[in-house]
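For reference, the chains in residue letters:
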Amino acid sequence: MNQAIQFPDRELWDEDRLAVCFPVLVNGMQLNCAIRGEALLNRFGGVVPLETFRENRWDLEEEASDLIREQQDDDQGWVWLS
């Protein structure tokens, strides 16, 4: 599946989800991606999830792109990285 996938720099920490959430545009339609703070810190180290996300943005966006291509979104249309 050939999709145009773009990640704007608008990530944020969501206290309710305890996750860094970041938008993605897929062929002009917006989806939401997220990774839980605990998972992020376990994978990459660091202390502050949002800073850790920014330091590892390219790897996380690549992983999110793969999940989007595999249509791994949940019932609410969110793509969760693990």
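Residues numbered from 1 in each chain as written. Predicted model: local features only at pLDDT ≥ 70, side-chain atom pairs only at ≥ 80, totals over all residues. Heavy atoms only, no water.

### Some words on the overall build of the chain
Inference 1: In terms of regular secondary structure, the chain is built from three helices and five strands.
Inference 2: Against the globule reference of 12 Å for 82 residues, the chain gives a C-alpha radius of gyration of 12 Å, in line with a compact fold.
Inference 3: Considered along the principal axes of its C-alpha atoms, the chain spans approximately 35 × 25 × 20 Å.
Inference 4: Taken across its 82 residues, the chain has 40% of its residues classed as buried.
Inference 5: Carbon and sulfur atoms form 45% of the exposed surface of the chain, whose accessible area is close to 5200 Å². (Helix = DSSP H or I, 4+ residues; strand = E, 2+ residues; numbered from the N terminus. Rg over C-alpha atoms; globule rule 2.2 N^0.38 Å. Buried < 20%, exposed > 50% of the residue type's maximum accessible area, 1.4 Å probe, protein only. Areas by Shrake-Rupley, 256 points an atom, 1.4 Å probe, with all protein chains shown as cover.)

### Here's the deal with the packing of aromatic side chains
Inference 1: Counting across every chain of the model gives three aromatic pairs.
Inference 2: An angle of 45° between the planes, with centres 4.8 Å apart, marks the rings of Phe22 and Phe53 as tilted. Of this pair, Phe22 sits in strand E3 (residues 19-26) while Phe53 is found in helix H2 (residues 49-55), placing the two residues 31 residues apart along the sequence. For the pair formed by Phe22 and Phe53, the shared burial category is buried.
Inference 3: Centre to centre, the rings of Trp78 and Trp80 are 5.9 Å apart; their planes meet at 25°, and the pair counts as stacked.
Inference 4: On the accessibility criterion, Trp80 (26% relative accessible area) is partly exposed.
Inference 5: Pairwise contacts between aromatic rings join Phe7, Phe22 and Phe53 into one cluster.
Inference 6: Here the basic side chain of Arg36 rests over the ring of Trp80, its NZ or CZ set 4.3 Å away from the ring centre. (Phe/Tyr/Trp six-rings, centres within 6.5 Å; stacked < 30°, edge-to-face > 60°. Lys NZ or Arg CZ within 6 Å of the ring centre and 35° of its normal.)

### Let's talk about the side chain of Asp14
Inference 1: In this fold, Asp14 is placed in strand E2 (residues 12-14).
Inference 2: Residues contacting Asp14, with those up to four places away along its chain left out, are Ala19 and Cys21. (Contact = heavy atoms within 4.5 Å.)

### Brief notes about the packing of helix H1 (residues 37-44) against helix H3 (residues 57-69)
Inference 1: The N-to-C vectors of H1 and H3 enclose an angle of 120°; their axes lie 13 Å apart at closest approach. As summarised for this structure, H1 and H3 are arranged oblique, according to the angle between their axes. Like other packed secondary-structure pairs, H1 and H3 cross with a definite hand, here right-handed. Facing Leu40, Arg43 and Phe44 of H1, the residues of H3 in contact are Asp59, Leu60 and Glu63.
Inference 2: Residues that form the contact of H1 with H3 fall into these classes: three nonpolar, no polar and three charged. (Axes fitted to C-alpha atoms, helices over the stretch in contact; angles between N-to-C directions. Parallel < 35°, antiparallel > 145°, perpendicular 65-115°, else oblique. Left-handed = near helix turned anticlockwise from the far one by under 90°. Nonpolar A, V, L, I, M, F, W, Y, C, P; charged D, E, K, R; others polar.)

### Remarks on the environment of Val47
Inference 1: As for its position among the elements, Val47 is in the loop between H1 and H2.
Inference 2: Sequence spacing of Val47 and Asn32 is 15 residues, and the spatial spacing of their C-alpha atoms is 24 Å.
Inference 3: Beyond its immediate sequence surroundings of up to four residues, Val47 is in contact with Leu41 and Thr52.

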